[in-house]
Protein chains: 2
Amino acid sequence: MRIAVIGAGAIGCLYGGRLARAGHDVHFLMRRDLEAVRQRGLTITSCDGDFHLDNVQAYGDPAEIGPVDLVLCALKATAIDDAEALIRPCLGPETRLLTMMNGFNIEPHFARWFPPERILAGLAFVCCNRGEPGVIHHLDHGRVMFGHCLDDVEQARQIAQLFAEADFDTQVAASLLEARWIKLMWNIPFSTLAVSAGSVTTREILADEVLSELARTLIRETGQAANADGCRVDIDAMVDKMMTDTATMGAYKPSMLVDYRNRSPVEVEAILGEPLRRAEALGVPVPCMRMQYGLVRFLDRLNRGLVTPG
Amino acid sequence: MRIAVIGAGAIGCLYGGRLARAGHDVHFLMRRDLEAVRQRGLTITSCDGDFHLDNVQAYGDPAEIGPVDLVLCALKATAIDDAEALIRPCLGPETRLLTMMNGFNIEPHFARWFPPERILAGLAFVCCNRGEPGVIHHLDHGRVMFGHCLDDVEQARQIAQLFAEADFDTQVAASLLEARWIKLMWNIPFSTLAVSAGSVTTREILADEVLSELARTLIRETGQAANADGCRVDIDAMVDKMMTDTATMGAYKPSMLVDYRNRSPVEVEAILGEPLRRAEALGVPVPCMRMQYGLVRFLDRLNRGLVTPG
């Protein structure tokens, strides 16, 4: 299958790289790592076994890629407004679009200009970071939950099959909305506390009894919003699962923390602002989500020099 | 009147200094500023007019002070467990104790070992900071609300009179508990957000629409706790007053922020932990207070090297 990876950061390179290794014709749109990958290929250190790809098809301009069967869009949510211009050159009449992006209201955003019947989502439960240019570190996990914008489960199953053949653990979501909310039940507590608690990893959050209780509260609030939004999440079970899963990660840096430490914009609107606004529109009390939103949104601005402290 | 100022930081020096200027026999127990004050006296730059005191009676050991009529205790709340040993040498059979300390449950703490009939409190609504050793900057406000541990208003009035004669704006609280809660309606939002929002002043909090809304939420939660605790606070009016008063302060650094920037312990238990526990014991929902407590408590520990970030 001819595949374009738009936004080849840690997620795009890890998943696109394994699809290439499995024999697919994968083309990567890159920015930071372009020259390094052209010169030295792509190296993935992985908990599933390291690998290296030579002769990676890497580009700086999507027009050089042209139409593909599948666009894997792994842009940061902060760049979602650039997505249309980057993806359009890769579209043919049958192209499907697979979003692998954090946050909420991602697919509805694409559905404004792309046929929703052909939009799929892959929600990656994975710990991975970029290393030096051309190197991706896959630290833990890797399962992807696939869903379809209109919950066409057969299409989700087909794309899951593609990833399963590339040696990924896959699942198919009957409800993409529910899958997105469940992923937020990890991201909202851990990504945002990692920033607001002074730039720390999941280890320090879990080790502090008061902070880890705040994480539980944030998971619960997110679950209550999900259920008010029509999902059927077992909130108590999910609190336990999220806490237990996170304990296996060690000193993990959520991507929001990596961005924050790099003084890059953090995905605060996608991960926190959008679900918060949805929850409040549904009348669900989410005071801790609102608190975190105010703090992280401000800390991001302060961190990027948009606010000058007195 | 013979007065001992125990804990001569910004508050102790400002109020004790003016009482000395008014002719009282004031003795200061100092640590950081002791040598400087002995050599050069005490300088107060003040929005009410600068002044300087030569020949200040400054000590490093309370035994050198001996019994007084009034102990003005202006220790940090983080040092409350040291108070008894520091104050005992200054006590005679008639000595009264005036606490000028931030937080909640201050007087009950002293009442464990000191007769509550002789405990008074002065709640300072003042912007002041320490400068170089021997120098205090009084930036704005200065009003003190006096109350008595058992709400003996006549005693509170006498002590208010003493301060009024030293040119302070004074008030007498019919209920010390209510006065303490009202002061917390400023400290809980502004002192704690100044720390959790990345070490910023009141100006940046007010300038950010989401943060300033969080401040309002924290004022409201505190007011609801106060009223559940038997007070009769007009919460909406107090939200407006706190926001309006704060807008006049410019880029003010609450003492909690000053401590945080100095990597000193912050008064998180007195200002936030104690009122939070009281609110929760009363069954009042205070989710934002709890969130702030978890964050500020952790940030303080991180800031002092008690947690190592990954």
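Criteria and cut-off values
Residues numbered from 1 in each chain as written. Chains lettered and ligands numbered in written order. Predicted model: local features only at pLDDT ≥ 70, side-chain atom pairs only at ≥ 80, totals over all residues. Heavy atoms only, no water. Least-squares fit on C-alpha atoms with pLDDT ≥ 70 in both. Contact = heavy atoms within 4.5 Å. Buried < 20%, exposed > 50% of the residue type's maximum accessible area, 1.4 Å probe, protein only. Helix = DSSP H or I, 4+ residues; strand = E, 2+ residues; numbered from the N terminus. Pairing = 2+ DSSP bridges. Core = buried A, V, L, I, M, F, W, Y, C linked by side-chain atoms within 4.5 Å. Salt bridge = Lys/Arg side-chain N within 4 Å of Asp/Glu carboxyl O. Buried area = accessible area lost by both parts, 1.4 Å probe. Polar contact = N/O pair within 3.5 Å; in protein donor to acceptor, adjacent residues only side chain to side chain. Nonpolar A, V, L, I, M, F, W, Y, C, P; charged D, E, K, R; others polar. Phe/Tyr/Trp six-rings, centres within 6.5 Å; stacked < 30°, edge-to-face > 60°. Lys NZ or Arg CZ within 6 Å of the ring centre and 35° of its normal. Domains from an automatic or database assignment. Axes fitted to C-alpha atoms, helices over the stretch in contact; angles between N-to-C directions. Parallel < 35°, antiparallel > 145°, perpendicular 65-115°, else oblique. Left-handed = near helix turned anticlockwise from the far one by under 90°. Right-handed = clockwise from strand over helix to strand, strands pointing away.

Time to look at the relation of the copies chain A and chain B. In the superposition of chain A on chain B (RMSD 0.0 Å, axial shift 0.0 Å), the rotation amounts to 180°. Here the transformation between the copies is reduced to the relation of a two-fold axis. An overlap of 100% is found between the interface residues of chain A and their copies at the interface of chain B, pointing to a shared contact surface.

Residue and element names in this part refer to chain A. A one-sided burial pattern is seen for strand 3 (residues 42–46), the buried positions being L42, I44 and S46 and the unburied ones T43 and T45. Both strand 3 and strand 4 (residues 51–53) contribute to a ladder of 3 bridges, which runs antiparallel. Bridged to L42 within strand 4 is L53. Where strand 3 folds back onto strand 4 in an antiparallel hairpin, the turn is made up of 4 residues, including G49, whose phi is positive at roughly 115°. Looking at chain direction, strand 3 and strand 9 (residues 135–148) are connected through 4 bridges and run parallel.

Let's shift gears to the nonpolar core. In this structure, L193, L211 and M291 of chain A together with L193, L211 and M291 of chain B are the most contacted members of the largest nonpolar core, which totals 106 residues. Aside from chain neighbours lying at most four places away, what touches L193 of chain A is I188, I205, L211, L214, A215, L218 and Q292 of chain A together with M291 and L295 of chain B.

So, on to the pattern of salt bridges. Residues and elements named next belong to chain A. Within this structure, the stated rule accounts for 37 salt bridges over all chains. One salt bridge connects E280 with R290, and the closest N-O pair in it is separated by 2.8 Å. Residue E280 is located in helix 11 (residues 268–281), and its partner R290 is located in helix 12 (residues 287–303); the two are separated by 10 residues in the primary sequence. Taking the relative accessible area as the measure of exposure, R290 reaches 26% and is therefore partly exposed. Among the charged side chains, a salt-bridge network with shared partners connects E213, R216 and R220.

So, about the interface of chain A and chain B. Taken together, the contact pairs 34 residues of chain A with 34 residues of chain B. Interface of chain A and chain B: buried area, both sides summed, is about 2,600 Å²; carbon and sulfur atoms make up 71% of it. Taken as a group, M291, F298 and G310 of chain A account for 24% of the area that chain A buries against chain B, more than any other trio of residues on that side. In this structure, the connection of chain A to chain B is made through 2 salt bridges. Put simply, chain A and chain B have 8 residue pairs in polar contact (both at pLDDT 80 or more) between them. Its residues placed into classes, the side of chain A that touches chain B shows 17 nonpolar, 8 polar and 9 charged.

Let us now look at the packing of aromatic side chains. One pair of aromatic rings is described through two measures. These are the centre distance and the angle between the planes. All names here are of chain A. Counted according to the given criterion, the structure contains 18 aromatic pairs over all chains. Considering the side-chain rings of F146 and F163, the 4.8 Å spacing of their centres and the 55° angle between planes classify their relative orientation as tilted. Of this pair, F146 sits in strand 9 while F163 sits in helix 5 (residues 153–165), and the two are 17 residues apart along the sequence. Among the residues examined, F163 registers a relative accessible area of 0% and is labelled buried. Stacked on the ring of F114, the Lys or Arg R118 has its end atom at 5.4 Å from the ring centre.

Moving on: the domain arrangement of chain A. All names here are of chain A. Domain annotation of chain A identifies domain 1 (2–174) and domain 2 (178–303). Between domain 1 and domain 2, the C-alpha centre-to-centre distance is 24 Å. Each partner contributes to the interface: domain 1 provides 24 residues, whereas domain 2 provides 23 residues. Summed over both sides, the interface between domain 1 and domain 2 buries roughly 1,900 Å², with carbon and sulfur atoms accounting for 56% of that surface. For the salt bridge of D259 with K76, the shortest nitrogen-to-oxygen distance reads 2.9 Å. Between domain 1 and domain 2 we count 11 residue pairs in polar contact (both at pLDDT 80 or more) in total. Counting residues per element, the ones that place at least two in the side of domain 1 that touches domain 2 are helix 4 (106–110), strand 8 (119–130) and strand 9.

Our focus in this paragraph is the environment of L97 of chain A. Residue and element names in this part refer to chain A. Structurally, the position occupied by L97 is in strand 7 (residues 96–99). With 10 residues separating them in the primary sequence, L97 and E107 have C-alpha atoms 9.8 Å apart. Contacts of L97, omitting those with residues within four sequence positions, involve L70, V71, C73, I87, F110, F114, R118, I119 and L120.

Further remarks concern the packing of helix 8 (residues 209–228) of chain A against helix 9 (residues 235–247) of chain A. Residue and element names in this part refer to chain A. Helix 9 packs onto helix 8 with a crossing angle of 135° between their chain directions and a minimal axis gap of 9 Å. With respect to their mutual orientation, helix 8 and helix 9 come out oblique. Considering only the axes of helix 8 and helix 9, their crossing is right-handed. In this structure, helix 8 uses S212, A215, R216, I219, R220, G223, Q224 and N227 to contact helix 9, whose residues at the interface are I235, V239, D240, M242 and M243.

Residue and element names in this part refer to chain B. Of note, D151 is a non-glycine position whose phi angle comes to about 60°, a positive value. With respect to the helices, strands and loops of the structure, D151 is situated in the loop between strand 9 (135–148) and helix 5 (153–165). For D167, which is not a glycine, the phi torsion comes out positive at approximately 75°. Considering the arrangement of structural elements, one finds D167 in the loop between helix 5 and strand 10 (170–172).

Moving on, we come to the pairing of strand 1 (residues 2–6) of chain B. Residue and element names in this part refer to chain B. Strand 1 sits mainly inside the fold: 4 of its 5 residues count as buried. As paired strands, strand 1 and strand 2 (residues 25–29) are joined by 5 bridges and run parallel to one another. Across the sheet, A4 pairs through a bridge with H27, a residue of strand 2. Crossover connection from strand 1 via helix 1 (residues 10–21) to parallel strand 2: handedness right-handed. The pairing of strand 1 with strand 6 (residues 70–73) spans 4 bridges and is classified as parallel. In the strand pairing of strand 6, I6 is matched with C73.

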